[in-house]
Amino acid sequence: MKNILSFFALAFLLSCNLSKDIEIDLPEYDRQPVVECYLEPGKPFRLLMTRSYAFFDTLGLSSNFLQNTLLDSALVTISYNGQTDTLKNQFVPVLNPVKFFNYVGDNLVPATPGTEFVLNIRLAEGGEITATTTMLPKVAIDSIVVEFSAELDTLARMLTYITDDQNQENFYRRLLNYSSLDSFPDQDFLVTDRFSQTALIAFGTGYELAEGDTVFNTIYHVTRDYYDFAESVQLAVSGNLNPFAQPSPIKSNVRGSANPIGIFTPLVYDRDTTIVHK
Amino acid sequence: MLLDELYAYSPLELEIEKKEGRLTGWIGYTLAWVKRGDFPGIDNGAWFPPRHDTRHNISVVALWDAHKWTKKGTNKSLQLTATWVYTSGYPAWLPSGRFALNDIPGAQSEFFVPIYGPRNTFRYPAYTRADIGIVYKWKKRNRFENDLTLSVYNATDRRNPYFITIAVETETTPLGEVPFEIKAKQVSLFPILPSLTWNFKF
């Protein structure tokens with residue numbers, strides 16, 4: 001009997017620690033150029049081009065992190081309305097919100113819907129990247145309604161209304177930030193107008209807003225290419241940390257011999273800043 | 001919804017069985033391939049091995065009738081059992097690279113976006129497990145039958161992979177928590193599992 005109890009005790013001890021670090025031998029990976037170019041009407045042409053890393057490459061902010069990550073010395077041009085702008089290779093951090101670019105143009109992005117843009121990049125080490133996109137019309141926020149709860153009159157919800165063009169398929173990205181645009185968004189999702197049978201679309205929140213809260217309400221009208229890209233990025237990120245989720249490859253609209261990843265798209269939006277009050 | 005094609009073929013399946021004598025059991029072996037592909041819009045229709053594409057499958061089962069070891073005249077019986085299974089590692093789709101995403105104003109930048117290349121190019125380690133057991137059976141009295149079974153599942157306590165997950169180690173810097181190392185972690189489901197069972201019927 002004593003021997004049997006000892007056996008079970010030993011078995012129990014051996015059964016602990018079901019997780020362990022392992023070495024994984026992945027196929028060799030050639031670093032790829034990553035291009036992000038968002039054409040914001042009224043703002044300068046700006047582009048960020050970086051290099052990807054092999055999955056298990058060491059991370060961290062080493063002294064040569066920027067040098068290893070930014071892809072500089074390329075020839076970047078954007079053509080539109082019969083003219084071609086060359087973007088200067090210049091590292092530009094932008095504040096509020098904080099974003100980074102390493103190619104900037106002198107001219108401002110025209111806002112005219114239907115304007116076609118063509119991106120051409122020739123890398124210093126060889127290889128080309130191309131992409132095309134078309135400016136979209138802005139979809140304005142019609143109205144914002146703040147309603148305080150009848151039961152808990154200290155908390156309110158916010159309803160944001162837009163009018164959708166039912167003659168074509170449209171894609172949106174909805175962002176809701178509290179306090180500042182750099183804060184982690186309380187709402188961040190992509191949506192198509194296929195779910196709506198009426199032109200009037202409403203985006204809402206729960207009863208979670210208090211008096212004095214500052215809410216940044218942004219509706220981006222995005223292209224199909226951007227919708228696919230952003231959705232694939234979200235799926236890839238969630239699939240990476242969840243072993244039971246389905247991974248997703250990145251859907252890019254940039255092409256070329258350089259085997260790039262990225263997005264070239266207009267960034268048309270309407271933003272409202274609301275301070276909640278009764 | 002996308003439709004694809006799937007091919008599964010097994011050019012070799014062997015089984016040898018011993019049915020008589022004190023030692024009985026069987027040995028089975030299967031060699032097989034499975035592949036899927038021709039998905040429109042996925043990897044240009046490239047073919048890839050799905051999760052259930054395990055190349056080699058081996059199973060060995062042995063039962064030893066040890067009735068001679070029981071006490072003479074008490075009409076008990078003793079049986080020893082042993083099982084060993086081996087399956088080749090199954091394919092999995094792991095990322096090959098990663099990049100950082102600036103993203104649009106208002107959205108949080110992502111420092112760690114995985115890049116998935118061709119599907120299912122990674123193979124998990126092979127699955128192998130050994131189970132042993134002892135069955136002690138008393139003679140049927142009136143209509144009451146009972147036996148006692150002591151078994152050990154995964155007797156070698158092999159940590160077969162159930163899934164692989166990624167852990168990002170961070171370090172504290174003046175800029176806050178910064179990721180500095182990526183580790184792969186294997187999670188197993190069952191360690192060694194002994195059990196004692198009393199079966200009876202009447």
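Before reading further, recall that the structure is shown in the block above.
Residues numbered from 1 in each chain as written. Chains lettered and ligands numbered in written order. Predicted model: local features only at pLDDT ≥ 70, side-chain atom pairs only at ≥ 80, totals over all residues.

Peer 1: Run through the overall build of chain A, naming residues and quoting values.
Peer 2: A tally of helices and strands in chain A yields 3 helices and 18 strands. Here the C-alpha atoms of chain A give a radius of gyration of 24 Å, more than 25% beyond the 19 Å that 2.2 N^0.38 yields for 278 residues. Each principal axis of the C-alpha distribution contributes one length, and for chain A these read about 90 × 65 × 40 Å. In chain A, 64% of the contacts between residues at least 6 apart in sequence involve partners at least 24 apart. (Helix = DSSP H or I, 4+ residues; strand = E, 2+ residues; numbered from the N terminus. Rg over C-alpha atoms; globule rule 2.2 N^0.38 Å. Contact = placed C-beta atoms within 7 Å.)

Peer 1: Could you give me a rundown of the overall build of chain B, with the residues and numbers involved?
Peer 2: Each helix and strand counted, chain B has 0 helices and 13 strands in total. Counting from the amino terminus, chain B carries its helices and strands in the arrangement β-β-β-β-β-β-β-β-β-β-β-β-β. Against the compact-globule benchmark of 17 Å for 202 residues, chain B has a radius of gyration of 26 Å, which places it well outside the compact range. Taken over the C-alpha atoms alone, chain B extends approximately 85 × 50 × 30 Å along its principal axes. Looking at chain B as a whole, 12% of its 202 residues are labelled buried. Taking the intrachain contacts of chain B between residues at least 6 apart in sequence as the baseline, contacts between residues at least 24 apart amount to 56%. (Buried ≥ 20, exposed ≤ 12 C-beta atoms within 10 Å, placed from the backbone.)

Peer 1: I'd like a rundown of unusual backbone geometry, residues and numbers included.
Peer 2: Generally, phi is negative for residues other than glycine and the peptide bonds are trans, each holding for most cases. All names here are of chain B. Positive phi, close to 70 degrees, is recorded for D103, a residue that is not glycine. Note on placement: D103 falls in the loop between β6 (97-101) and β7 (110-115). D103 gets classed as partly exposed once you count the C-beta atoms within 10 Å, which come to 19. In the Ramachandran plot, D157 falls in the positive-phi region, its phi being about 55 degrees despite a non-glycine side chain. Note on placement: D157 falls in the loop between β10 (145-153) and β11 (161-173).

Peer 1: Pulling in residues and values, what's your account of the sheet that holds strand β17 (residues 261-266) of chain A?
Peer 2: Backbone hydrogen bonds hold the strands of a sheet together, and the pairing may be parallel or antiparallel. Residue and element names in this part refer to chain A. If you walk across this open sheet you meet the 8 strands as β9-β8-β5-β6-β7-β3-β2-β17, and the pairing is mixed. Where the open sheet ends on each side, the last strands, each with one partner, are β9 (128-134) and β17. Ignoring which end each strand starts from, the neighbouring axes of this sheet average 25 degrees apart. Two strands pair when backbone bridges link them, and strand β8 (residues 116-122) and β9 are joined in this way by 7 bridges, in the antiparallel orientation. Counted as the bridge partner of R122 is E128 from β9. (Pairing = 2+ DSSP bridges. Axes fitted to C-alpha atoms, helices over the stretch in contact; angles between N-to-C directions.)

Peer 1: Let's hear about the pairing of strand β13 (residues 193-201) of chain B: which residues, and what values?
Peer 2: Residue and element names in this part refer to chain B. Counting buried positions over the 9 residues of β13 gives 0, only a small fraction of the element. Note that β10 and β13 share 9 bridges and pair antiparallel. Residue pairing across strands places L150 opposite L196, the latter belonging to β13.

Peer 1: So what about the nonpolar core? Which residues, and what values?
Peer 2: All names here are of chain A. Core analysis: the largest hydrophobic core is formed by 58 residues, its most contacted members being V35, L39, L47, M49 and Y220. Among the elements that line this core, the one with the most residues is helix α3 (residues 224-241), at 6 residues. With near-sequence residues (within four places) excluded, V35 lies in contact with L47, M49, I121, I129, V254, P260, G262 and F264. In this structure, A156, L209, V215 and F216 belong to the second largest nonpolar core, which totals 5 residues. (Core = buried A, V, L, I, M, F, W, Y, C linked by C-beta atoms within 7 Å.)

Peer 1: So what about the pairing of strand β11 (residues 155-163) of chain A? Which residues, and what values?
Peer 2: Residues and elements named next belong to chain A. Residues of β11 alternate between two faces, with A156, M158, T160 and I162 buried on one and L155, R157, L159, Y161 and T163 left unburied on the opposite face. Pairing of strand β10 (residues 141-148) with β11, which is carried by 7 bridges, proceeds in the antiparallel orientation. Each residue of the ladder has a partner; that of V145, found in β11, is L159. Between β10 and the antiparallel strand that follows it, β11, lie 6 residues. As judged from the 2 bridges shared by β11 and strand β15 (residues 209-210), these two strands associate in the antiparallel manner.

Peer 1: I'd like a description of the environment of F203 of chain A, backed by residues and values.
Peer 2: Residue and element names in this part refer to chain A. As for its position among the elements, F203 is in strand β14 (residues 200-204). By the C-beta count within 10 Å, which is 19 here, F203 ends up partly exposed. For F203 and T160, which are 43 residues apart along the polypeptide, the C-alpha to C-alpha distance reads 5.0 Å. When near neighbours in sequence (up to four residues on either side) are disregarded, F203 contacts T160 and R174.

Read these as spatial facts, not as claims about activity.
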